[in-house]
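# Breakdown of the fold
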Amino acid sequence: MTDDTGEFRAGQTGLVVRVPEAEPAVRAWRDRLDPSARAGVPAHVTVLFPFLDESLVDGGVCAAVAEVIGRHRPFEVRFEHCGRFPGSLYLVPEPDGPFRRLTEAIAERWPQTPPFGGRFDDVVPHLTVAQGQDAAVLEEVEADLHGRLPVTGPVSSVDLMVHDGTRWQRRGSFALR
């Protein structure tokens, strides 16, 4: 969850699926190589970032998010291999369809908040491990992760994360039903 500069600003929000089962495999790498980890974001798959500014997130918005997320069923996710974007390494969630449907549902309800600001034609669900790195670093990380995968876990909620100007904080959780 970063913008193009890798910087965060107070009041930014995002919706994420935390993946605590991945922490043992990715935490040390994320702490070193992912700015969102250093800013307090746990291992996660982003549902929608950026979401509404915190000043716009009131009880009605939270109720609407809960309703949209609640239309989706819990599922099991498995991470068996890595993928890459330019300068970035991530874990590939399988299946990725449920993540795509969550993103599409939230983006449809709040069209003013397209995923990643509308920068990408296809939003690829992923769990970022490293970003802004050269190929040699990414190869080292991927080789290490190869021996730590697969990772599996349940997906039963989506969390609202808010940046307070210093760190990301969890401000709410919405159950899949």
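Look up a bit, the structure's there.
The notes below deal with the structure included here. As the structure is a computational prediction, the values presented were derived from the model and not from experiment.

## A word on the pairing of strand β4 (residues 88-94)
The element β4 is extensively covered by neighbouring structure, given that six of its seven residues are classed as buried. With six bridges joining them, strand β3 (residues 75-85) and β4 adopt antiparallel strand pairing. Paired with Arg 84 across the bridge in β4 is Leu 89. Of the pairings in the sheet, the one linking β4 to strand β5 (residues 127-130) comprises three bridges and is antiparallel in character. Its bridge partner lying in β5, Tyr 90 is registered against Thr 128.

## With respect to the sheet that holds strand β2 (residues 44-48)
As summarised here, the arrangement of the four strands in space is β2-β1-β7-β8, forming an open sheet in which the pairing is antiparallel. On the outer flanks of this sheet lie β2 and β8 (168-175), each paired with one strand and no other. Strand-to-strand twist in this sheet, taken as the mean axis angle between neighbours without regard to direction, amounts to 35°. Pairing of strand β7 (residues 157-163) with β8 involves seven bridges; the strand directions are antiparallel. Looking at β8, one finds that Asp 159 is bridged to Ser 173. Those strands touched by helix α3 (residues 59-70) are β1 (13-18), β7 and β8, and its axis lies near 55° from that of β8.

## Description of the packing of aromatic side chains
When we look at a pair of aromatic rings, we describe it by the centre distance and by the angle of the planes. Scanning the entire structure with this criterion turns up six aromatic pairs. In this structure an aromatic cluster arises from ring pairing among Phe 8, Phe 49 and Trp 168. The cationic tip of Arg 109 hangs over the ring face of Trp 110; the distance from NZ or CZ to the ring centre is 4.5 Å.

## Comments concerning the pattern of salt bridges
In the structure shown here, the tally under the stated rule is 12 salt bridges. In this structure, Arg 170 engages Asp 159 in a salt bridge whose closest nitrogen and oxygen atoms are separated by 3.6 Å. Remark: Asp 159 occurs in strand β7 and Arg 170 occurs in strand β8; sequence separation between them is 11 residues. On the basis of relative accessible area, Asp 159 is assigned to the buried category, the value being 0%. Beyond isolated ion pairs, a larger network of salt bridges with shared partners links Arg 18, Asp 159 and Arg 170.

Conventions we followed
Residues numbered from 1 in each chain as written. Predicted model: local features only at pLDDT ≥ 70, side-chain atom pairs only at ≥ 80, totals over all residues. Heavy atoms only, no water. Buried < 20%, exposed > 50% of the residue type's maximum accessible area, 1.4 Å probe, protein only. Helix = DSSP H or I, 4+ residues; strand = E, 2+ residues; numbered from the N terminus. Pairing = 2+ DSSP bridges. Axes fitted to C-alpha atoms, helices over the stretch in contact; angles between N-to-C directions. Contact = heavy atoms within 4.5 Å. Phe/Tyr/Trp six-rings, centres within 6.5 Å; stacked < 30°, edge-to-face > 60°. Lys NZ or Arg CZ within 6 Å of the ring centre and 35° of its normal. Salt bridge = Lys/Arg side-chain N within 4 Å of Asp/Glu carboxyl O.

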